[in-house]
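Each chain, letter by letter, is given below.
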Amino acid sequence: MNTAVALADIYLRLSVEEANNGESGSIINQRNIIRQYCKDNNITIVKEFVDDGFSGSNFERPGFRSMLAHIDTGLVNTVITKDLSRLGRDMTESSYYAETYFPEHCIHYMAISDNFDSYESNIMAPFQFAMNDVYLRDTSRKIKQVIYQKRERGEYCACPPFGYMRNPDDSTSIVPDPNTAPIVQRIFELAENGRSAHFIAAQLTKEGQITPLKYRVLFRDKFCDRGAARATDEWNHTTVKRILQNQVYLGHTILGKSKKVSIKSKKTVKVPRDQWVITRDTHQPLVTPEQFEKAERYMGMNTKCWQEFDQTRQSIFNGITFCESCGSAMCSCGSVYKGEREKYWYLSCLNIPKRSAHHCENGARIKYSDLVEIVKSELNKFIDLSKDDINSIIKAAVKKQKSGIYKDSKNNIESIEKRLNDIDKIVLKLYNDNAMGVISDAQLKKMIDSLTKESNALKERRMKLKDMEFQINNMEDAYRMFFSMVERYNHIDELTPDIVRTFIERIEIGRKELPEGYTVATHDIPYRQNIKIVYRFIGDIGKKSRNFNENAQDVVEHQSNQKNSKKVAV
């Protein structure tokens, strides 16, 4: 050991497959072996990290990632596992952490049963890593074979869909769940009567029907806190559509709709429909073929390819316009009067209707032609700028950004790093003093907690300062890139989707601000409305201000108000 006292993190791992196979390397067994080894070799255990039920095929495990974060605090100089397979079974990743990452971070790594020591030459290490990788691949192959055989026999080897449960007498089959099957049947009943998915979702929420995810969280499956937090009482129309399109409710078993990219990746990809494994009439259906066909037909009628029709309003701002008040996307709406379509075309917040699940009291609404003129006018302003104007804008932006960072940020970063090094030395001395009996365990814990808190605060401050310096160093490049795109145009006469997406990332529309005493905007009542345009590379450069009314054909620009921000007076 290079230090007087070995301060160790111990890491324990067991996968679900290994637990099911009854392997002897249980978490308790690993813990006992490592603790005895530390006791025999005078090693102080600082913290223990456990991943129980996590595969060794990847290293995105919560316990392992927490251990790496703990290593970064500098409180330990040693990591111990029972053997190399506990660290992981992927040959490349395991070798990297054992032979590169830990040594580079001044960590002494030991795998007890494999006699692996990062301070030694470890001639057999490549073979040990390779054998662990072979075990991983062989286990994956066996699991795939078992699943394939079950699929061919029509056994249900996936999570039971909403409306079904595992057969208590035969775990390879499913039966209707008396608690949720009536909800599925209710969905099909409404659908075959011509109700849309949106209506069905709202109706189920109104009736207080439990959602699929919440049912799994409360009554069926085990979820982590983060996963359970996603459960909600509100039904989503997408969930309703998935149920209406799932042929499992006709009594058929459909498996193999997705697959993992590789054994070492959690990412899955969709499998073409003609490659799905479909076994018919494997369990009791919840709906009849006639109900399923009718629901599918009505759903198709409600979701026709309306984009194909010439009379459909197709906004060039789709996907980038949002309500400033609630953050919801804005969609096209309006009417046709005396053959006029453009004149009565608006973009409106999706949450304005009272039936919306999250009704927006201050929902935004703007005439489509007005927004087109605003955006076109702003882009043409950029095009008309001279090189001197552009340089002045860039200089002002960089100066403004610099005003938000300390002038002596470099010195601050240096002083922070010096203090962090001092804390590392103090912590090491404290552990040595504790081992020698100079200070008690209680005193050690109190001082370590205080130093850890200070260290975390300093690291957070250092990160912010470095981020600010990075932003300043890259801001000029970003502005230059934006104006290089502007130089490709002489003038924009017609705004197209390509032009909009070339220059703009997001547009936020504010609510209408009426004159005092008015509650409704009419053709002769002016109103104000904020519009924020977020450009690519350079972001938001202020809210724009213009005058409109409901009958306005022209857009009149006003000077910017105080603090260089602009508002739209409509």
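Keep in mind that what you see is a predicted model, and the values were worked out from it rather than measured.

Novice: Can you tell me about the overall build of the chain, naming the residues and giving the values?
Specialist: If you tally the helices and strands in the chain, you get 17 helices and 21 strands. Counting the 570 residues in the chain, one finds 39% classified as buried. A separation threshold of at least 6 residues defines the contact pool for the chain, and within that pool the share at least 24 residues apart is 64%. Of the accessible surface of the chain, which amounts to about 33400 Å², a share of 49% is contributed by carbon and sulfur atoms.

Novice: Tell me about the sheet that holds strand β14 (residues 345-349), residues and numbers included.
Specialist: Ordered by their spatial adjacency, three strands build an open sheet running β13-β14-β15, and the pairing between neighbours is antiparallel. In the strand order of this sheet, the two ends are held by β13 (330-334) and β15 (365-367), each with one partner. Pairs of neighbouring strands in the sheet enclose a mean axial angle of 30 degrees, with direction left out of account. Bridge count between β13 and β14: five bridges; the pairing is antiparallel. The residue bridging Gly334 from the neighbouring strand is Trp345, located in β14. Running over the sheet, helix α13 (residues 368-384) touches β14 and β15 and is turned about 75 degrees from β15.

Novice: Describe the pattern of salt bridges, with residues and values.
Specialist: Applying the stated rule across the entire model yields 16 salt bridges. The closest approach of N and O atoms between Glu48 and Arg31, which form a salt bridge, is 2.9 Å. One end of the pair, Glu48, is in strand β2 (residues 43-52); the other, Arg31, is in helix α2 (residues 27-40), and 17 residues separate them in sequence. Owing to a relative accessible area of 19%, Arg31 belongs among the buried residues under this scheme. A salt bridge links Lys82 to Asp83, with the nearest nitrogen and oxygen atoms 3.2 Å apart. Here Lys82 falls in the buried class, since its relative accessible area comes to 13%. One salt-bridge network, held together by shared partners, links Arg31, Arg35 and Glu48.

Novice: Describe in detail the packing of aromatic side chains, supporting the description with residues and values.
Specialist: With the rule as written, the count across this model stands at 27 aromatic pairs. Ring geometry for Phe59 against Phe64: centres 5.3 Å apart, planes inclined by 70 degrees, an arrangement best described as edge-to-face. On the basis of relative accessibility, which here comes to 4%, the residue Phe59 falls in the buried class. Ring geometry for Phe116 against Phe129: centres 6.1 Å apart, planes inclined by 65 degrees, an arrangement best described as edge-to-face. Of the two residues, Phe116 is situated in strand β5 (residues 116-117) and Phe129 in helix α6 (residues 125-152); the sequence distance between them amounts to 13 residues. The two residues Phe116 and Phe129 agree in class, both being buried. Clustering of aromatic rings is evident, with ring pairs tying together Tyr11, Phe59, Phe64, Tyr96, Tyr97, Tyr101, Phe102, Tyr109, Phe116 and Phe129. In this structure, Arg61 is placed above the aromatic ring of Phe64, and the distance from its NZ or CZ to the ring centre is 5.4 Å. Between the NZ or CZ atom of Arg506 and the centre of the ring of Phe322, over which it lies, the distance is 4.0 Å.

Novice: Can you explain the packing of helix α7 (residues 181-192) against helix α11 (residues 237-245)? Please cite residues and give values.
Specialist: It is the contact of α7 with α11, at a shortest axis distance of 10 Å, that shows an interaxial angle of 90 degrees. The pairing of α7 with α11 is recorded here as roughly perpendicular in orientation. Within the contact between the two elements, α7 uses Val184, Ile187, Phe188 and Ala191 and α11 uses Val240, Ile243 and Leu244. Of the residues in the contact of α7 with α11, the class split is seven nonpolar, no polar and no charged.

Novice: Break down the nonpolar core for me, with residues and values.
Specialist: By size, the foremost hydrophobic cluster in this structure holds 41 residues, and its most contacted members are Phe317, Leu371, Val375, Leu379, Phe482, Leu495 and Ile507. For this core, the secondary structure elements donating two or more residues are β14, α13, α14 (387-402), α16 (441-486), α17 (497-503), β16 (504-513) and β17 (528-535). The greatest single-element share of this core, amounting to eight residues, is contributed by α13. Those residues in contact with Ile507, other than ones at most four positions away along the chain, are Phe317, Ile320, Thr321, Phe322, Leu371, Val375, Ile531 and Lys532. In this structure, Leu190, Tyr215, Ile243 and Phe292 belong to the second largest nonpolar core, which totals 27 residues.

Novice: Can you explain the state of the cysteines? Please cite residues and give values.
Specialist: Two cysteines joined by a covalent bond between their sulfur atoms form a disulfide. In this structure the tally under the stated criterion is zero disulfides. In this structure Cys326 is not part of a disulfide, and its nearest cysteine sulfur, from Cys349, lies 3.5 Å away. Cys349 sits in the buried class, given a relative accessible area of 2%.

Novice: Please provide a residue-by-residue account of the side chain of His70, values included.
Specialist: Among the structural elements, His70 can be located in helix α3 (residues 62-72). Within the structure, the side chain of His70 is placed 2.8 Å from the side chain of Asp9, a separation counted as a polar contact. Not counting residues up to four positions away in its chain, the partners in contact with His70 are Asp9, Val46, Lys47, Phe49, Leu75 and Val76.

Novice: How would you summarise the sheet that holds strand β4 (residues 108-111) if you had to cite specific residues and measurements?
Specialist: Across the sheet, which stays open at both edges, the five strands sit in the order β2-β1-β3-β4-β5 with mixed pairing between neighbours. In this open sheet, the two strands that pair with only one neighbour each are β2 and β5. In the sheet, strand β3 (residues 78-81) pairs with β4 via four bridges, with the strands oriented parallel. Paired with Thr81 across the bridge in β4 is Ala111.

Novice: If you had to explain unusual backbone geometry to someone new, which residues and values would you point to?
Specialist: Unusually for a residue other than glycine, Asn42 sits at a positive phi of about 55 degrees. Here Asn42 is to be found in the loop between α2 and β2. The residue Asn115 is not glycine, and still its phi comes out positive at about 55 degrees. Within the fold, Asn115 resides in the loop between β4 and β5.

Novice: Break down a nonpolar patch on the surface for me, citing the residues and quoting the values.
Specialist: On the surface, Ile123, Met124 and Phe127 cluster together to form a nonpolar patch covering roughly 380 Å² of accessible area. With relative accessibility at 55%, the residue Phe127 sits in the exposed group.

Novice: Can you break down α2 residue by residue, with the values?
Specialist: Under the 1.5 Å per step criterion, the end-to-end length of α2 is 20 Å for 14 residues, consistent within 8% with the ideal 20 Å. Every buried residue belonging to α2 is among Ile27, Gln30, Arg31, Ile34 and Cys38, and all of these are buried. Angularly, the buried residues of α2 cover 95 degrees about the axis, an arc narrow enough to put them on a single face. Across from the buried face of α2, at angles greater than 90 degrees, the exposed residues are Ile28, Lys39 and Asp40.

How each quantity is defined
- Residues numbered from 1 in each chain as written.
- Predicted model: local features only at pLDDT ≥ 70, side-chain atom pairs only at ≥ 80, totals over all residues.
- Heavy atoms only, no water.
- Helix = DSSP H or I, 4+ residues; strand = E, 2+ residues; numbered from the N terminus.
- Buried < 20%, exposed > 50% of the residue type's maximum accessible area, 1.4 Å probe, protein only.
- Contact = heavy atoms within 4.5 Å.
- Areas by Shrake-Rupley, 256 points an atom, 1.4 Å probe, with all protein chains shown as cover.
- Pairing = 2+ DSSP bridges.
- Axes fitted to C-alpha atoms, helices over the stretch in contact; angles between N-to-C directions.
- Salt bridge = Lys/Arg side-chain N within 4 Å of Asp/Glu carboxyl O.
- Phe/Tyr/Trp six-rings, centres within 6.5 Å; stacked < 30°, edge-to-face > 60°.
- Lys NZ or Arg CZ within 6 Å of the ring centre and 35° of its normal.
- Parallel < 35°, antiparallel > 145°, perpendicular 65-115°, else oblique.
- Nonpolar A, V, L, I, M, F, W, Y, C, P; charged D, E, K, R; others polar.
- Core = buried A, V, L, I, M, F, W, Y, C linked by side-chain atoms within 4.5 Å.
- Disulfide = S-S within 2.5 Å.
- Polar contact = N/O pair within 3.5 Å; in protein donor to acceptor, adjacent residues only side chain to side chain.
- Patch = residues over 30% accessible without salt bridge, like charges linked within 9 Å, V, L, I, M, F, W, Y side chains within 5 Å.
- Expected span 1.5 Å × (residues − 1).
- Arc of directions from axis to C-beta.

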